[in-house]
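Working through the structure, step by step
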There are 2 protein chains.
Amino acid sequence: MSEPVRSRSLPRNNTFSQATETVLREMVLDGTIAPGARLNEVSIAAQLGISRGPLREAIQRLSSEGLLTVISHRGAFVRTFSRQDIVELYELRCALELHAVRLACERATDEDLDELDAMLSDTESRIRESSAHAYPQELDFHLRLVLVAGNQALMRAAQDVQRQLALARSMSAKRPMRARAAVIEHADLVAVLRSRDVEQATLMMSRHLDHSMHSALSVLGLPQDGATEESDTAPDSE
Amino acid sequence: MSEPVRSRSLPRNNTFSQATETVLREMVLDGTIAPGARLNEVSIAAQLGISRGPLREAIQRLSSEGLLTVISHRGAFVRTFSRQDIVELYELRCALELHAVRLACERATDEDLDELDAMLSDTESRIRESSAHAYPQELDFHLRLVLVAGNQALMRAAQDVQRQLALARSMSAKRPMRARAAVIEHADLVAVLRSRDVEQATLMMSRHLDHSMHSALSVLGLPQDGATEESDTAPDSE
DNA sequence: AAACTGCAAACTGTCAACAGTTGGCAGTTC
DNA sequence: GAACTGCCAACTGTTGACAGTTTGCAGTTT
């Protein structure tokens, strides 16, 4: 551990700080740094072959994004999620994506909807081959839908929430999950969007997200309903 | 300009970095640093009597929050808003606060609603004295409502959006605005919340936000509807 | 043996200096 | 006079070192 290891080399972003943000986010989301783990600044900086300055700046941004929890004089921890946190994130996701559906219902062009359908058939064929890796595609569909809604601020917010949920999910071993069911629900949603029926579309999205949340809670081994249960693998903010 | 001026002294937060974030946010929101202006790191650090390290960390966080725009090798600028930006922020605010109303309709206790009414009569009496400074109170009511919805993630998101809109508003001289009308609309909303009528409550909030947006656009001297018009006082992110 | 005290190592917070980039200005050319 | 070129000042990006805090352990006490 004496020379720049850089097992994951820095992308060609303009500054070390930006590149480090990207790399760190990946390392957190794919579990290279486990949830609840502390980020040792000197060791990570050494691994990336940079100094602590740009690393700390990247940490601040990821903390604002909700992926890290920074505690004064103790360090930055990969965020962990209580059942309550996940329910709240799903409620927030509901707020964002239901509104996205409303907007998309007005604004989506037929080409937009065609592309969404194309995504779905692609996902479907991949599932036929190996049922793994279906979750990222699930997220991609939702983000694409928000994109179609044509609102950058909304898009950014939705992206942040999804990243947090992806991290929460990474707290457990990934299971094949309900990929097939999700694809069907997506397809039905697109069909309703074509008919421009806002009421029906929001209703379907609402149900879909509800299914998704229960699936997530079960994957995480958390009770589907019940009293609040605090996570204790990482301390809360001060 | 040789010694620590500290016209605005740092609060007793744990670290310089955190304290600086708070102070900088205030300076941006109250116009001490004008929208579109560049933040000179050395001069601000000198003013606050700290070095550039913690200052830069604070800048990163405020950039994630949407108050600053950072451009590599050129600096951090107080964000400016195009008409499109404001419309998008209002759409996002709609998504968040309409959902907050739905949740509040289920969860708000009678005491919560009493407190909201108390806030309103307080605001009302202040308006009677001097019609100025009504805008912060307007925001407080909305945040309080989101708080009643009982979702921290939602609260954080709503707070971010409101801060950005407050900054956008600061781009123009503050006018007394439609404070009276807003208070009435708020009071009506609380009344409907008491009857637990979700449909009616969301409808009212929706209309209220629409009024608010048009008022904001007019205060900013932007067309109420029409083609996109880019702001040009500060460059966009790269 | 359990609890408390004090030290030491490890780590974060902060600083001051160095390096690289940008933008503008003076001088030159056409 | 306008456009171009090259330099210089100002500023951001990054670094390595120093300072203060936390945490765990060894030693002591009850």
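See the structure above.
Residues numbered from 1 in each chain as written. Chains lettered and ligands numbered in written order. Predicted model: local features only at pLDDT ≥ 70, side-chain atom pairs only at ≥ 80, totals over all residues. Heavy atoms only, no water.

1. Topic: the protein's contact with DNA strand D
In plain terms, the rule: Near is defined per residue: the residue qualifies when any heavy atom it owns lies within 4 Å of the molecule or strand. What qualifies as a polar contact is a pair of N or O atoms within 3.5 Å, subject to a donor-acceptor requirement within protein and to the restriction that residues adjacent in sequence count only when both atoms come from side chains. Only runs of H or I of at least four residues qualify as helices and only runs of E of at least two qualify as strands under DSSP, and these elements are numbered from the N terminus. The classification used treats Ala, Val, Leu, Ile, Met, Phe, Trp, Tyr, Cys and Pro as nonpolar, Asp, Glu, Lys and Arg as charged, and all other residues, Gly among them, as polar.
Residues in close proximity to DNA strand D total 20 residues, the closest being Phe16, Ser51 and Arg74 of chain A together with Arg52 and Arg56 of chain B. Atoms of DNA strand D within 4 Å of the protein: sugar and phosphate make up 73%, bases the balance. Within the backbone of Phe16 of chain A, a nitrogen or oxygen atom sits 2.5 Å from a phosphate oxygen of DNA strand D. Interatomic distance of 2.6 Å between a side-chain N/O atom of Ser51 of chain A and a phosphate oxygen of DNA strand D. Of all the secondary structure elements, the ones that give two or more residues to the surface near DNA strand D are helix H1 (16-29) and helix H3 (52-65) of chain A together with strand E1 (38-39), helix H2 (41-48) and helix H3 (52-65) of chain B. The element that contributes the greatest number of residues to the surface near DNA strand D is H3 of chain A, accounting for 3 residues. A breakdown of the residues in the surface near DNA strand D according to their chemical character gives 5 nonpolar, 9 polar and 6 charged.

2. Considerations on the relation of the copies chain B and chain A
Quick reminder of the rule: When the copies are superposed, the least-squares fit draws on C-alpha atoms of residues that have pLDDT of at least 70 in both. The contact criterion used throughout is that any non-hydrogen atoms of two residues lie within 4.5 Å.
Between the two copies, chain B and chain A, the superposition gives an RMSD of 0.0 Å; the rotation angle is 180° and the shift along the axis is 0.0 Å. Expressed as a symmetry operation, the mapping of one chain copy onto the other fits a two-fold axis. Comparing interface residues between copies, 100% of those in chain B also sit at the interface in chain A, which points to an isologous, same-surface contact.

3. A closer look at the sheet that holds strand E2 (residues 68-71) of chain B
Residue and element names in this part refer to chain B. Basically, it comes down to this: By the convention used here, strands pair only if DSSP detects at least 2 bridges between them.
Reading across from one edge, E1-E3-E2 is the order of the 3 strands in this open sheet, with antiparallel pairing throughout. Strands with a single pairing partner mark the edges of an open sheet, and in this sheet they are E1 and E2. For E2 and strand E3 (residues 75-78), the ladder comprises 4 bridges, and the chain directions are antiparallel. What sits directly across from Val70, in E3, is Ala76.

4. Describing the interface of chain B and chain A
Formally: Accessible area, probed at 1.4 Å, shrinks when two parts are joined; the buried area is that loss added up over both. When a carboxyl oxygen of Asp or Glu lies within 4 Å of a side-chain nitrogen of Lys or Arg, that pair is called a salt bridge.
Listed as interface residues are 28 residues of chain B and, on the opposing side, 28 residues of chain A. Carbon and sulfur atoms make up 45% of the surface buried where chain B meets chain A, a total of about 2500 Å² over both sides. Inspection of the region where chain B meets chain A yields 4 salt bridges. As a salt-bridge pair, Glu91 of chain B and Arg107 of chain A come within 2.4 Å of each other at their nearest N and O atoms. Inspection of the chain B/chain A interface yields 18 residue pairs in polar contact (both at pLDDT 80 or more). Where the side of chain B that touches chain A is concerned, the elements lending two or more residues are H3, helix H4 (83-107) and helix H7 (152-169) of chain B. Top element by residues in the side of chain B that touches chain A is H4 of chain B. It accounts for 11 residues. Residues that form the side of chain B that touches chain A fall into these classes: 9 nonpolar, 11 polar and 8 charged.

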